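Per-entry structural report
For reference, the chains in residue letters:
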Amino acid sequence: MAAKDIFHDAVRHALEKEGWHITHDPLFLRFGGLDMYIDLGAENILAAERGEEKIAVEVKSFVSPSATTEFSTALGQFLKYQLALEEEQPERLLYLAVPFDTYRAFFTLELPRLLIQRYQVRLIIFSPDEEAIIKWQN
């Protein structure tokens, strides 16, 4: 099992503040001969007509010197986890959680923005200091 990201607890607390119940920490999946651990699994009971919403969240800190390298790794993980979830838990939506400063400085650049669009990466933009979600981007 991989080590927890440095902002793991901040994202967990931010989700809990928004009413999400953390069901898995981490969320384990076995698919295609591989064991995978997505950082968090959560669910939220919504209005009666919508029922229950389930998500999985992969947390990334982007603290290394190369945001490009971290982004490449994060995108690869996201795509791998997305395929596994589609097959094993299709009711669960996958999100990539990134700090607001990284989102503002890197994810708004043309290439990352186009890759996020092309591969339909759902984002949770969070404030690590406030342990708060700033924006959900579908």
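This text gives an overview of the structure that appears in the document. Given the structure is predicted, the values throughout are model-derived calculations rather than measurements. (Residues numbered from 1 in each chain as written. Predicted model: local features only at pLDDT ≥ 70, side-chain atom pairs only at ≥ 80, totals over all residues. Heavy atoms only, no water.)

Turning to the overall build of the protein, a few remarks are in order. Helix and strand counts for the protein stand at 4 helices and 8 strands. The secondary structure elements of the protein, listed N-terminal to C-terminal, are α-β-β-β-β-β-α-β-α-α-β-β. Against the 2.2 N^0.38 benchmark of 14 Å for 138 residues, the protein shows a C-alpha radius of gyration of 14 Å, consistent with a compact globule. Projected onto its principal axes, the C-alpha positions of the protein cover 40 × 35 × 30 Å. Here the protein, with 138 residues, has 43% of them falling under the buried criterion. Counting only contacts in the protein whose residues sit at least 6 apart along the sequence, the fraction spanning at least 24 positions is 57%. For the protein, the accessible surface area stands at approximately 7,700 Å², while carbon and sulfur atoms represent 51% of it. Averaged over its 14 positive side-chain charges, the protein has a centre that lies 3 Å from the centre of its 22 negative ones. (Helix = DSSP H or I, 4+ residues; strand = E, 2+ residues; numbered from the N terminus. Rg over C-alpha atoms; globule rule 2.2 N^0.38 Å. Buried < 20%, exposed > 50% of the residue type's maximum accessible area, 1.4 Å probe, protein only. Contact = heavy atoms within 4.5 Å. Areas by Shrake-Rupley, 256 points an atom, 1.4 Å probe, with all protein chains shown as cover. Lys, Arg positive; Asp, Glu negative; His and termini not counted. Charge placed at Lys NZ, Arg CZ, Asp CG, Glu CD.)

Another point: the pairing of strand 7 (residues 122-127). A large share of strand 7 lies buried, amounting to 6 of its 6 residues. Burial of strand 7 is two-sided: the residues R122, I124 and F126 facing one way and the residues L123, I125 and S127 facing the other way are all buried. Relative to strand 7, strand 6 (residues 92-99) is paired through 5 bridges, and the arrangement is parallel. Bridge pairing links Y95 to R122 in strand 7. Where strand 7 meets strand 8 (residues 132-137), 5 bridges bridge the pair, whose relative direction is antiparallel. (Pairing = 2+ DSSP bridges.)

Here the focus is the packing of aromatic side chains. In the structure shown here, the tally under the stated rule is 9 aromatic pairs. Pairing F28 with Y37 gives two aromatic rings, centres 5.2 Å apart and planes at 50°, and the pair type is tilted. The partly exposed category is assigned to F28, whose relative accessible area is 34%. Take Y37: its relative accessible area is 28%, and that puts it in the partly exposed class. Joined through ring pairs, the aromatic side chains of F62, F71, Y103, F106 and F107 make up one cluster. (Phe/Tyr/Trp six-rings, centres within 6.5 Å; stacked < 30°, edge-to-face > 60°.)

With that out of the way, let us pick up unusual backbone geometry. D25 connects to P26 through a cis peptide bond whose omega is 10°. Here P26 shows up in the loop between strand 1 (21-24) and strand 2 (27-31). One non-glycine residue, Q120, lies in the positive phi region at around 50°. Mapped onto the secondary structure, Q120 falls in the loop between helix 4 (110-118) and strand 7.

For helix 3 (residues 100-107), the set of buried residues is T102, Y103, F106 and F107. The buried residues of helix 3 occupy an angular sector of 100° when the element is viewed end-on, so they sit on one face. Among the exposed residues of helix 3, those oriented more than 90 degrees off its buried face are D101 and A105. Elements in contact with the buried residues of helix 3: helix 2 (67-88), strand 6, helix 4, strand 7 and strand 8. (Arc of directions from axis to C-beta.)

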